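# Chain and residue survey
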Amino acid sequence: MVNWQNLDKLASFKELAVTKPACLVKEMTGENGAKRVREYSVKMAGGLVYNYAAKAVNDEILGILGKLAEEAQLTEKYEELYNGAVINTGEKRLVLHQLCRGQLGKDVIADGVNKSEFYNDQLKKINEFVEKVHNGEIVNEKGEKFTTAVQIGIGGSDLGPRAIYIALENWARKNGKLKMEAKFISNVDPDDAAAVLNATDLEHAIFVLVSKSGVTLETLTNEMFVKNALEKAGLDPSKHFVAVTSETSPLAKNEGYMAAFFMDDYIGGRYSSTSAVGGCILSLAFGPEVFACFLKGAHEMDKMAKEKDPLRNASMLDALIGVYERNVLGYESTAVLPYAQALARFPAHLQQLDMESNGKSVNRFGEAVDYVTGPVIFGEPGTNGQHSFYQLLHQGKTVIPMQFIGFRKSQLETDIEIEGSTSQAKLCANVAAQIVGFACGKADENPNKRFDGGRPSSIIVGDELTPAAVGALLAHFENKVMFQGFLWNVNSFDQEGVQLGKVLAKRVLAHDTDGALKEYSDLLNI
Ligand code: F6P
């Protein structure tokens, strides 16, 4: 049996807290720095590697982090999770998103159902539906093929699938795999739905309504918004809509859809990209084979996360170093900086994944914890970020650890050489320069031009952003967040913190307000 203990009770954590921190400037300067870049690297799935040479760790600290992993029983907790224990204690649920991409342990039977079979069955149903859409067996009222798929959903029912679609759109275009264009509507701001609908050929569009609960205000409002637009265009909404939901949700009983595909309560919204939530839209867009490659990349990464030695387990090591930075070095944020335009929305997905999971103040038993938990996550693709907030990253009073992501090749491979280098070479040169600049700094007599260095980062590097690489990236961060939740002894799979706003918004709409809430309602003319 695993022992769920608070981080500050662990002897190895106490040892870590009194160990002299590594001096990153010294570690990364000269031949020692070169040696670290060669050696501080872990293989990931999807052709990626996690390089942590520019993190403020050394062999001594890594040794203690290894002991921490063992003492916190990270591998055993992961094993319990994928074998079907009730890890989501707050909601009394199993946590099964990894099972959507492959079985890691025993058969998981819940509610009398073999869950692996259930997820595979849903995927099979999606594939059959998608094949029929692509080959013209399922067509619009005029007997014409659908050309566009529009997902309606919010939070986990939007961010992951949207980020992945954007990540692979160019790759698919170049490789002749773009079967349908995908679009997304999420915000209840009417300008979101209106803008997407204005730019969409409604007659040839399939709308994928995604809501696990089937009660999310924004999503149901947008569903009516779209149905209204379809009716106004003389189209029958039931011939343009499919639903992805849980079998117990109100949407499951609705007959106004061409088809319904299911996930269940054991898949958290922010962890649902590899379930039917991502499966339907991404398979419509790229075809089931591409989605299968993406799942394989994620599954390979899940298998690698079983490794006990953190020096051979990128997700576990990333998690441990993150906890060291947060709880020992006191850093409050992490910047996610992909040097790949295709990953433009990936930081937004990670914001939800990380902050909704580990932004907690109580442990798994509902007791207040005495240490800090999840960091603030934000980011932008490089090099755009460089010309914006990197000033603070280089010279601000706050040290912000950075997670770079970079690829040797561009996706479209349409490039130009100017003054001796291609655009891709310039992109890669920038990320290399930034890592060293952040770590080593630069002396200058003028304090305004002085860079102290000591600003830690890691980089995930691959050849090219392929479906398998995107799957591996996604699973890496999901598993990192999971391991950090284990270390902090928090439940990373519920999100009570987002409920209050929903309740208050309903009161405003019902005009059941007083005090400040009433004043704000008046100010906003509700
Ligand atoms: O608002 C937060 C949240 O509960 C997320 O956790 C979830 O991803 C999102 O709402 C959407 O929920 P649903 O899929 O049930 O509509």
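Below you will find a few notes about this structure. Note that the structure is a prediction, hence the values are computed from the model and not measured. (Residues numbered from 1 in each chain as written. Predicted model: local features only at pLDDT ≥ 70, side-chain atom pairs only at ≥ 80, totals over all residues. Heavy atoms only, no water.)

## Details of the sheet that holds strand β11 (residues 376-379)
Strands sit in the order β1-β2-β15-β12-β10-β11 across an open sheet of six strands; the sheet is mixed. For this open sheet the edge positions go to β1 (41-43) and β11, each flanked by a neighbour on one side alone. In this sheet, neighbouring strand axes are inclined to one another by 20° on average, regardless of whether the strands run parallel or antiparallel. Here four bridges tie strand β10 (residues 333-339) to β11, and the two strands are oriented parallel to one another. Across the sheet, residue Ala 335 finds its bridge partner in β11, namely Phe 378. (Pairing = 2+ DSSP bridges. Helix = DSSP H or I, 4+ residues; strand = E, 2+ residues; numbered from the N terminus. Axes fitted to C-alpha atoms, helices over the stretch in contact; angles between N-to-C directions.)

## Side note on helix α8 (residues 190-198)
Within the sequence span of α8, burial applies to Asp 192, Ala 193, Val 196 and Leu 197. Along the axis of α8, the buried positions cluster into a sector of 120°, meaning they face one direction only. Of the exposed residues in α8, those oriented more than 90 degrees away from the buried face are Asp 191 and Asn 198. (Buried < 20%, exposed > 50% of the residue type's maximum accessible area, 1.4 Å probe, protein only. Arc of directions from axis to C-beta.)

## Looking at the site of the ligand
Taken together, 14 residues lie near the ligand, and Gly 156, Ser 157, Ser 211, Ser 213 and Thr 216 sit nearest. Within the side chain of Ser 213, a nitrogen or oxygen atom sits 2.6 Å from an oxygen atom of the ligand. Gln 352 is positioned such that a nitrogen or oxygen atom in its side chain is 3.4 Å from an oxygen atom of the ligand. Surface burial for the ligand is 86%, taken as the share of its 400 Å² of free accessible area covered by protein chains. Of the residues assigned to the shell around the ligand, the class counts are two nonpolar, nine polar and three charged. Residue-level mapping places the shell around the ligand at the junction of two domains, with at least three residues from each of domain 1 (113-292) and domain 2 (495-526). (Near = heavy atom within 4 Å. Polar contact = N/O pair within 3.5 Å; in protein donor to acceptor, adjacent residues only side chain to side chain. Areas by Shrake-Rupley, 256 points an atom, 1.4 Å probe, with all protein chains shown as cover. Nonpolar A, V, L, I, M, F, W, Y, C, P; charged D, E, K, R; others polar. Domains from an automatic or database assignment.)

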